[in-house]
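# Geometric and topological summary
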Amino acid sequence: MSPLVLSAWSAVSAYGVGSAPFSEGINAGRSAVGTLDRTVYPGPFERGGLVPDFTAAEYVGRKGTRTMDRVTAIAVTAVGRLLASCDAEPARRPEQTALVLGTGSGSVQSIMDFTRDSLAGERPYHVDPARFPNTVMNRAAGQSAIWHGIKGPNTTVAGGWLTGLLALSYAVRLHRGGHCARVLCGAAEEYSTQRAWLEWHGRTAEERSAPLGEGSAVFLLEMPEDAAAAGRAPLARIRTTCFRAFGEQGEARAALAACVRDALETTGVAAGDVRLVAPLGAGGELAALEEAGVTDALGATDPRWIRCRPLLGDTSAASTSLQLAAVLAAAGESGLAPGEAALVTGIERDGTVGCALLTGA
Amino acid sequence: MTTANRVDADGRATIKEIICDILEIDADEMTDTSRFKEDHEADSMGAIEILSQLERAFGIDIDQAELARMVNLEGVVTVVGEAVAAKAASH
C-alpha cells in the first residue's frame, strides 16, 4: 500500500491543452475524434483524436523548439501545465522531485525519419544531428525535466497499453525506496503517419480501423503532509497497483478479475466502495473481456463506467494515464470523496493485465 | 580565382538562412561578422548542426577542424567556398 496522494494533474488531449477542456469533454461524454487532414497525415486512418492546433512553437515557445518532436512537445507542455497548476512549487525543490514518464517507442516518426535520412542521403552521416536526441525513447522525459528544471530521478517506462499504470507503479516504488520526495508521473503519445502504420500492421482485423489518438496526462504524487503544507487538497490516494500475466486471450478475463480482487483484498477496500471504473476498452474482443473481468471481481455493484476509448481514440501508451485523469475529471475539483474508490484497468494484447486502485484521500 | 567566388549571392543567402534557422534568430540580427557563440548564444551542438546542414545543402565535405574558422557568417562563407572549390577540383 502506498501513502502517496495525487494532488494535481494536467492533460493534453484531443479536447485541447489543459485539464479544464479535458474534464468538460469527459464529463459530457463528447467524442473528440475527428477527420484527419489527409494532406498532413496520409496513411491508413481517416479519423483520429489529435490535439487541436498543437505545435511545439505555439505551446512550448519559439526558442529552442526547432527540432523538438511532437511527443516531446506534448510531454513538456503537460508537465509545464502541471507545475503551473501548483505554482511551480515542486520545481523549487528540483533535486527531490522525480519525473517518471511513460511512452510507446518515443517518437517513431523521429526514429524512422532519422534512419531514412542516413540510408537515403548522399552520405550516411548527412543527417540533422540536432534531431538525433529525438530518436531515443527517453527524449520526452529528459526534455520535460530539463525544460522545467527538474533534477531528481528521470525515468522512462514503456509497456504498451499498460504504460501509464506501470509508470504509476514505478513512481510509487521510486518514492518508497527513498529516491525522491515527490514524483511527477504520467505518459505521453503522439500521432504520426509512422505510428499509424505500425499500429495498423500490429492489430488484428477486427480492431484494425479503430481510430488512434494522442495526448498526455501527468500527475503530482506526494505525501499527504507535503500536500497539506503546500495548501493543496489531495484529490485521491493511490492505494495500490496490481499486474498479472495471461497466455491465451480467453484467460485475460480471469487474470484481470484476479488482479482486481488482489487489489481490493490487499487494501481492504470493499468492492461496493468502487464508484468509478475507467477501463482501457481496447483490443477488439479484449475490451469485452476487460469489463467482464472487472464485473466478476466487483460483483453486484453499480459503478459509473468512464469509457475514454470512444472519446479519445486509441492513445496507446498514454491510454491508462488519460484514464486516470478521466477518473479525477469525473471526481471533480474536490477529488474522490472519503469512502469512495476508483479503479483504472487495462489489458495489453501481449499478455498482461493491470489495475490501479484509488480512494478518497 | 579567389575561393570566395565559389559562393554567389544565392549561396550566401542560403548559408545565412541555414544558420539563422539553427540559431533561432531573425536574419536581420546577424551581420557578416557577428559571432555565433558570443553574439547569438550558439553552443557546440549548434556549430555541428551548421556544419552538417551545409554539407547536405551544398553536397560538400567539411572537416570538423574547420569549425575553428566557422565563427561568423564571413568565416562560414569562406570555408564553404573552399569546400566547393575542393569538390570541383576533385571531379
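About the cut-offs
Residues numbered from 1 in each chain as written. Chains lettered and ligands numbered in written order. Predicted model: local features only at pLDDT ≥ 70, side-chain atom pairs only at ≥ 80, totals over all residues. Heavy atoms only, no water. 1 Å grid on protein atoms, 1.4 Å probe; cavity = no way out; pocket = protein on both sides within 12 Å on 5 of 7 lines; lining within 4 Å. Points joined across faces, edges and corners; volume = space filled by probe spheres on them. Helix = DSSP H or I, 4+ residues; strand = E, 2+ residues; numbered from the N terminus. Nonpolar A, V, L, I, M, F, W, Y, C, P; charged D, E, K, R; others polar. Buried < 20%, exposed > 50% of the residue type's maximum accessible area, 1.4 Å probe, protein only. Contact = heavy atoms within 4.5 Å. Domains from an automatic or database assignment. Buried area = accessible area lost by both parts, 1.4 Å probe. Salt bridge = Lys/Arg side-chain N within 4 Å of Asp/Glu carboxyl O. Polar contact = N/O pair within 3.5 Å; in protein donor to acceptor, adjacent residues only side chain to side chain. Phe/Tyr/Trp six-rings, centres within 6.5 Å; stacked < 30°, edge-to-face > 60°. Lys NZ or Arg CZ within 6 Å of the ring centre and 35° of its normal.

Let us look at the layout of surface pockets. Its volume calculated, the largest pocket comes out at about 510 Å³. Lining the largest pocket we find 21 residues, and of these Gly64(A), Ile22(B), Glu24(B), Asp43(B) and Glu49(B) sit closest to its centre. Contributing elements (two or more residues each) for the lining of the largest pocket: helix 5 (139–148) of chain A together with helix 1 (9–23) and helix 3 (44–58) of chain B. Residues belonging to the lining of the largest pocket are distributed by class as follows: eight nonpolar, six polar and seven charged.

For His126(A), the location among the structural elements is in the loop between helix 4 (108–120) and helix 5. Take His126(A): its relative accessible area is 6%, and that puts it in the buried class. For the pair His126(A) and Glu58(A), spaced 68 residues apart in sequence, the C-alpha separation works out to 29 Å. Setting aside anything within four residues of it in sequence, one finds His126(A) in contact with Asp117(A), Glu55(B), Arg56(B), Ile60(B) and Asp61(B).

Take the domain arrangement of chain A next. Residues and elements named next belong to chain A. When the domains of chain A are assigned, the result is domain 1 (5–229) and domain 2 (236–359). On a C-alpha basis, the centres of domain 1 and domain 2 stand 22 Å from each other. Residue-level contacts link 50 residues of domain 1 with 45 residues of domain 2. Here domain 1 packs against domain 2, burying approximately 3600 Å² in sum over the two surfaces, 66% of which is carbon and sulfur. Area buried by domain 1 at its contact with domain 2 is led by Trp-161, Leu-162 and Leu-165, which between them contribute 25% of it. Our count for the contact surface shared by domain 1 and domain 2 stands at three salt bridges. With a closest N to O distance of 3.6 Å, Arg-349 and Glu-207 form a salt bridge.

Residue and element names in this part refer to chain A. Mapped onto the fold, Thr-97 is located in strand 5 (residues 97–102). Side-chain polar atoms of Thr-97 contact the backbone oxygen of Pro-90, separated by 2.9 Å. Reaching out from Thr-97, the side chain makes a polar contact with the backbone oxygen of Arg-93 at a distance of 3.0 Å. Those residues in contact with Thr-97 that lie beyond four places of it in its chain are Pro-90, Ile-150, Lys-151, Gly-152, Pro-153, Arg-182 and Leu-184.

For the rest of this paragraph, the subject is the interface of chain A and chain B. Each partner contributes to the interface: chain A provides 15 residues, whereas chain B provides 15 residues. Around 1200 Å² of area is buried between chain A and chain B when both sides are counted, 41% of it from carbon and sulfur atoms. Its largest share of buried area at the contact with chain B, chain A owes to Arg66(A), His126(A) and Pro129(A), together 49% of the area lost on that side. Scanning the region where chain A abuts chain B turns up four salt bridges. Of the charged contacts, one joins Asp61(B) and Arg123(A) as a salt bridge, the two residues approaching to 3.6 Å between their closest N and O atoms. There are twelve residue pairs in polar contact (both at pLDDT 80 or more) connecting chain A and chain B. The residue makeup of the side of chain A that touches chain B, split by class, is four nonpolar, four polar and seven charged.

Another aspect to go through is the packing of aromatic side chains. Residue and element names in this part refer to chain A. For the structure on display, the rule yields six aromatic pairs over all chains. A centroid spacing of 5.1 Å and a plane angle of 85 degrees characterise the contact between Tyr-41 and Tyr-191, whose relative ring orientation is edge-to-face. In this pair, Tyr-41 is assigned in the loop between strand 3 (34–35) and strand 4 (47–49) and Tyr-191 in the loop between strand 7 (182–189) and helix 7 (193–202), connecting sequence segments 150 residues apart. By relative accessible area, which is 1% here, Tyr-191 ends up buried. Taken together through their ring pairs, the aromatic side chains of Trp-9, Tyr-15 and Phe-22 make up a single cluster. Its guanidinium or amino end placed over the ring of Trp-200, Arg-208 lies 5.2 Å from that ring's centre, counting from NZ or CZ.

A word on empty space enclosed by the protein. Residues and elements named next belong to chain A. If you walk through the whole model with that rule in mind, you get one cavity of 30 Å³ or more. Within this model, the largest cavity holds a volume of roughly 70 Å³. As for the largest cavity, its lining consists of Leu-280, Cys-308, Arg-309, Leu-312, Gly-313, Asp-314, Thr-315, Ser-319, Leu-322 and Gln-323. If you list the elements that add at least two residues to the lining of the largest cavity, you get helix 11 (309–312) and helix 12 (319–331). In terms of residues, the lining of the largest cavity owes the most to one element, helix 12, which gives three residues. Partitioning the lining of the largest cavity into residue classes produces four nonpolar, four polar and two charged.

Let us look at the environment of Ala326(A). Mapped onto the fold, Ala326(A) is located in helix 12. Beyond its immediate stretch of four places on either side in the chain, Ala326(A) contacts Phe22(A), Ile26(A), Ile306(A) and Cys308(A).

Residues and elements named next belong to chain A. Residues other than glycine seldom take positive phi values, yet Asp-53 does so here, at roughly 50 degrees. One can find Asp-53 in the loop between strand 4 and helix 2 (56–59). Unusually for a residue other than glycine, Ala-88 sits at a positive phi of about 60 degrees. Here Ala-88 lies in the loop between helix 3 (70–85) and strand 5. Accessibility expressed as a relative area gives 30% for Ala-88, which makes it partly exposed.

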